[in-house]
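Chain residues, written in single-letter form:
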Amino acid sequence: MGLTNSGKKTSAEDHARRVRDMFARISPRYDLLNHLLSANVDKRWRRAVTRKLRPLLPAGAQVLDIACGTGDLSIALFENTGARVVGLDFCRPMLELAAKKNRRLSFIEGDALQLPFAEGAFDAVTIAFGLRNLSSVEGGLKELRRVLKPNGWAAILEFSKPTVPGFRALVATYCTRLLPRIGGFVSGSRSAYEYLPDSVSRFPDQPALAALMRDAGFEEVVFENLTGGVAALHTGRRI
Ligand SMILES: C[S@@+](CC[C@H](N)C(=O)[O-])C[C@H]1O[C@@H](n2cnc3c(N)ncnc32)[C@H](O)[C@@H]1O
């Protein structure tokens, strides 16, 4: 497209602003809609992350939950692994809701693409339904790896591609026809719930995300399909 560096910066900034404003708008109904639209399956997906990380974490582990939103994964990690958890997000209204749910965790405002932490600060880093929203997936993976200690683990939970064609078609119909209507009606922002299936369709599928993780320098990269591949949990280790 021949964008200059400053053009790239502006489009990344525009993207970030649009995403931040969108989550600020839907924040009051975000949790309700997550549970409603997924029939509570989202809770099971977050539990899959804690189950996977629990045996991999050292005692007294420090975990960073990037794009923590209203904090559901941060809180699940804290309650189920005993780790010290920091949640980070760039949308203040989402963070305020997170902080109200659990006062014992630290929730801080920051950008996933410029994490305010030193290299090697964490034993594990998680990001749930956040990577897809960044202006650069590669940039997000690079930052994620940077703040991990050697041998630390990254866990990425994200919508993905259902593996069985008939089921994939059914999920696509639900996401493009029903979900924007319900999401729009309950949150008052139909565009936010049109953006969701749109951004999922543009996001790398399971093997492509695993390849991007390897390119970013992660080793032992594996993924687990959740609910037939509607979501996937990718993990990788910083060597
Ligand atoms: C779909 S929500 C996921 C929230 C939470 N992890 C969950 O599982 O419900 C995506 C979150 O990513 C955050 N986000 C998007 N881009 C970000 C960025 N560049 N830096 C920090 N947070 C970001 C948004 O503010 C939003 O809270």
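Analysis parameters
- Residues numbered from 1 in each chain as written.
- Predicted model: local features only at pLDDT ≥ 70, side-chain atom pairs only at ≥ 80, totals over all residues.
- Heavy atoms only, no water.
- Salt bridge = Lys/Arg side-chain N within 4 Å of Asp/Glu carboxyl O.
- Helix = DSSP H or I, 4+ residues; strand = E, 2+ residues; numbered from the N terminus.
- Buried < 20%, exposed > 50% of the residue type's maximum accessible area, 1.4 Å probe, protein only.
- Expected span 1.5 Å × (residues − 1).
- Phe/Tyr/Trp six-rings, centres within 6.5 Å; stacked < 30°, edge-to-face > 60°.
- Axes fitted to C-alpha atoms, helices over the stretch in contact; angles between N-to-C directions.
- Parallel < 35°, antiparallel > 145°, perpendicular 65-115°, else oblique.
- Left-handed = near helix turned anticlockwise from the far one by under 90°.
- Contact = heavy atoms within 4.5 Å.
- Nonpolar A, V, L, I, M, F, W, Y, C, P; charged D, E, K, R; others polar.
- Lys, Arg positive; Asp, Glu negative; His and termini not counted.
- Polar contact = N/O pair within 3.5 Å; in protein donor to acceptor, adjacent residues only side chain to side chain.

S.K.: How should the pattern of salt bridges be read in this particular structure?
M.R.: A side chain with one charge can pair with a side chain of the opposite charge if their charged atoms come near. Tallied over the full model, the rule gives 12 salt bridges. Arg 146 is the salt-bridge partner of Glu 143, the closest N and O atoms lying 2.7 Å from each other. A residue pair is termed a helical-turn pair when its members lie 3 or 4 positions apart in one helix, as Glu 143 and Arg 146 do in helix H5 (residues 137-146) at three residues. Since its relative accessible area comes to 11%, Glu 143 is described here as buried. When its relative accessible area of 24% is taken as the criterion, Arg 146 is described as partly exposed.

S.K.: Looking at this structure, I do not really get helix H2 (residues 41-53). What am I missing?
M.R.: Each α-helix turn comprises 3.6 residues. Residues three or four places apart therefore point the same way. Between its first and last C-alpha, H2 extends 19 Å over 13 residues, near the 18 Å set by a 1.5 Å rise per residue. Within the sequence span of H2, burial applies to Val 41, Asp 42, Trp 45, Arg 46, Ala 48, Val 49, Thr 50 and Leu 53.

S.K.: What am I meant to see in the packing of aromatic side chains here?
M.R.: Aromatic ring pairs are described here by two measures, namely the spacing of the ring centres and the angle between the planes. Summed over the entire model, instances satisfying the criterion amount to five aromatic pairs. Taking 6.2 Å as the distance between ring centres and 70° as the angle between the ring planes, the aromatic pair formed by Phe 23 and Tyr 30 counts as edge-to-face. Given the relative accessible area of 16%, Phe 23 is considered buried. Residue classification places Tyr 30 among the buried residues on the basis of a relative accessible area of 15%. Ring geometry for Trp 45 versus Phe 129: centroids 6.0 Å apart, planes at 50°, classification tilted. Pair noted here: Trp 45 is in helix H2 and Phe 129 is in the loop between strand E4 (122-128) and H5, with a separation of 84 residues, a long-range link. Relative accessible area serves as the criterion here: at 6%, Trp 45 is assigned to the buried category. Site record: aromatic cluster; members linked through ring pairs are Trp 45, Phe 129 and Phe 159.

S.K.: Help me understand the packing of helix H6 (residues 165-187) against helix H7 (residues 190-202) in this model?
M.R.: Helices that pack against each other are described as a pair by the angle of their axes relative to one another and the distance between those axes. In the contact formed by H6 and H7, the axes pass within 7 Å of each other and the chain directions differ by 150°. Between H6 and H7, the interaxial angle falls into the category roughly antiparallel. Here H6 and H7 pass one another in a crossing that is right-handed. Contacts between H6 and H7 involve Cys 175, Thr 176, Leu 179, Pro 180, Arg 181, Gly 183, Gly 184 and Ser 187 from the former and Arg 190, Tyr 193, Glu 194 and Pro 197 from the latter. Class assignment for the residues of the contact of H6 with H7 results in five nonpolar, four polar and three charged.

S.K.: What exactly am I supposed to notice about the environment of Leu 196 here?
M.R.: Along the chain, the position of Leu 196 falls in helix H7. Separated by 63 residues in sequence, Leu 196 and Asn 133 place their C-alpha atoms 9.3 Å apart. The contacts of Leu 196, once residues within four sequence positions are left out, are Arg 132 and Phe 159.

S.K.: Is there a simple way to explain the side chain of Asp 65 in this structure?
M.R.: With respect to the secondary-structure elements, Asp 65 resides in strand E1 (residues 62-66). Although Asp 65 is buried, it makes no salt bridge; Arg 46 carries the closest opposite charge, 7.4 Å away. At a separation of 2.8 Å, a polar atom in the side chain of Asp 65 contacts the side chain of Thr 126. Beyond its immediate stretch of four places on either side in the chain, Asp 65 contacts Leu 73, Ser 74, Val 85, Val 86, Gly 87, Leu 88, Thr 126 and Ile 127.

Function cannot be inferred from these measures alone, as they are strictly geometric.
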